[in-house]
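Architecture and fold: a report
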Amino acid sequence: MAMFDSNIDYTKFIQFNGGTLRVATFVEIRDALVRRYKEIYGNDIDVSTASADGQYINEIALIINNIVNVFAYAYNQLDPSVATGKYLDILCSYNNVQRINQSASQAELYIYNSAPARSPDLQPEFLLFSDRSGQTWKWINGKRTDGTLLTSFPPQTATLIQDVQCEYLGAIQAQGSQFVDTDGNFTDNIEENDWNRECPGWIYQLVDASPLKVWQYQNAIVGNEEETDEALRSRRYQLLGNQSVSVLEGLHGSLLNISGIQDVFIINNPRGENMSLSDPVNDTTEVLAHSIYIALRYKDGVTMDKSMLGKLIYNKLTPGIGTTPFGYNSSYNPENPSTGSESYVIQRTSQISYTVYWKKCQPYKPQIVIIMTCNSNYDYPATLNSHIATTDVEKNIVKNLQAHINEISIDSYMQATQLLNVVQQSDRQKDGVSTFFVKSGIIGDTAATQQNHPANLRYFSYDDSDYKFAYSRSSESMTYNDICTITIGEDNE
């Protein structure tokens, strides 16, 4: 895999080109600074990393690289299809779409006061319960307008309380149990319950010593996890599709409304001749005249019903608009369709039929190589040869890259600058000092796509085992500027 040698002038570290923003990489910035230094001080100046001038140039290049990456990151946050976090929240708010926040799981519990019959009623302001994983659940006793507590627990009596909330937000499950009589048999009758037994349900005891005993009879209502960027983006598209006034917008939104569909691309060719596609949607298909081309990314592990998809597309289209099969071009053979070419036949009458075509996008793994330099405070793994992630910093890099790459749209680019920014942000600094600096990155083996690699109606899909880390020693002990090479995927281009 050869590096793409791009000699960028020091005045062009940030460039706008055709509506996209192109920023220079660390290597390009450093090379431009080195050339400029040599123009000023002469070619005999020592700019190696062993010299003071070379280290100074490295630091300046890193500072500039961080600045231009901030520009690139901010620019990308203006596009709802790639925006993340709070930026995506703001863009979605313009369409009155709000992110679904985390919520707590809720349970109903029976509380039995085992105190002697003539004991006073217990009226706690709150109760804390523990489940079998150590999570804490809390119930707060309501108050009347005069300040007195609503719920009391008479002795030798079972009382149902509601709104018992887990103190940890998210999808916390808690399975309940039937009552158990004195013979150990399950029963639905609370009057037969043996309160001397420990509840076999998930929430089974109070945190503090008390004559009160707890029994979880029903499963808890599971709370929500915070909505992911991908889910929020999809919900926004669905809303726009439902509110749309055009056929294509309505079809786009209706397809995204299907739970098994993760991403949708539709292009219309209203012209009287076939239309070729270009990056980042060039999959060699020519869109037929007066026709549309549909590409769908299914969610992992989901098998879609072709009849349901075919009928939905057919019913949404204006009569006279056709659909183009995946791979249609001068060498297209309908008897030997390309992998991922899907279709469904609509039988209008006994003699008239209509075939609906769409593409099922396939996974794609171009090789990615990222180079970073390790500082003296970097946590090195036990082995320096090529290996999957083992240390916390390596695992954090893999986790963040996976989250970023898996959300790249099928009609977008994988951008090297964004990958480098993700890796650099994965650094868990020690005492405010960076443990590594990202140096360069390339995608694939084609010079034209090493920095902006088109998806071309495929989806990037890597497993944790695809990430390999290798370290090169500059001396017997690891020192400043030692190299870590992260290789993702196989060199299959």
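We now turn to the structure provided with this report.

1. Examining the pairing of strand E19 (residues 368–374)
The buried fraction of E19 amounts to 7 of the 7 residues, a majority that puts the element mostly inside the structure. Going residue by residue along E19, you find Ile368, Ile370, Met372 and Cys374 tucked away on one face and Val369, Ile371 and Thr373 tucked away on the opposite face as well. Pairing analysis gives 7 bridges linking E19 to strand E21 (residues 436–443), with the strands arranged antiparallel. Following the sheet pairing, Val369 is matched in E21 by Ile442.

2. Things to note about the pattern of salt bridges
Side chains that carry opposite charge are capable of pairing whenever their charged atoms lie near each other. Applying the stated criterion across every chain yields a total of 13 salt bridges. For Arg36, the salt bridge identified is with Glu39, shortest N-O distance 2.9 Å. Separated by 3 residues within a single helix, Arg36 and Glu39 lie in helix H1 (residues 26–41), roughly one turn from each other. Of the residues examined, Glu39 reaches a relative accessible area of 56% and is grouped as exposed. Taking the shortest distance from any N to any O, the salt bridge between Lys365 and Asp463 comes out at 3.9 Å.

3. Observations regarding helix H6 (residues 306–316)
Along an α-helix, residues three or four positions apart point the same way, because every turn accommodates 3.6 residues. Residues Ser307, Leu309, Gly310, Leu312 and Ile313 constitute the buried set of H6. Considering only its buried residues, H6 is in contact with helix H5 (247–256), strand E14 (291–298), strand E15 (322–323), strand E16 (341–347) and strand E17 (353–360).

4. Quick notes on the pairing of E16
In this structure, E16 lies alongside E17, joined through 7 bridges in antiparallel fashion. Among the inter-strand pairings, Glu342 is bridged to a residue of E17, identified as Trp358.

5. With respect to a nonpolar patch on the surface
Among the surface-exposed residues, Ile14, Phe16, Ile63, Ile67 and Phe71 lie close enough to one another that they form a single nonpolar patch of about 500 Å² accessible area. Only strand E1 (14–17) and helix H2 (52–76) provide two or more residues apiece to the nonpolar patch. For Phe16, the position within the fold is in strand E1. For Phe16, a relative accessible area of 62% translates into the label exposed.

6. Notes on the sheet that holds strand E24 (residues 467–472)
Across the sheet, 4 strands lie side by side as E21-E19-E25-E24; this open sheet has antiparallel pairing. Here the strands that pair on one side only, and so sit at the sheet edges, are E21 and E24. Within this sheet the neighbouring strands show an average axis-to-axis angle of 20°, counted without direction.

Reading guide: rules and limits
Residues numbered from 1 in each chain as written. Predicted model: local features only at pLDDT ≥ 70, side-chain atom pairs only at ≥ 80, totals over all residues. Heavy atoms only, no water. Buried < 20%, exposed > 50% of the residue type's maximum accessible area, 1.4 Å probe, protein only. Helix = DSSP H or I, 4+ residues; strand = E, 2+ residues; numbered from the N terminus. Pairing = 2+ DSSP bridges. Salt bridge = Lys/Arg side-chain N within 4 Å of Asp/Glu carboxyl O. Contact = heavy atoms within 4.5 Å. Patch = residues over 30% accessible without salt bridge, like charges linked within 9 Å, V, L, I, M, F, W, Y side chains within 5 Å. Areas by Shrake-Rupley, 256 points an atom, 1.4 Å probe, with all protein chains shown as cover. Axes fitted to C-alpha atoms, helices over the stretch in contact; angles between N-to-C directions.

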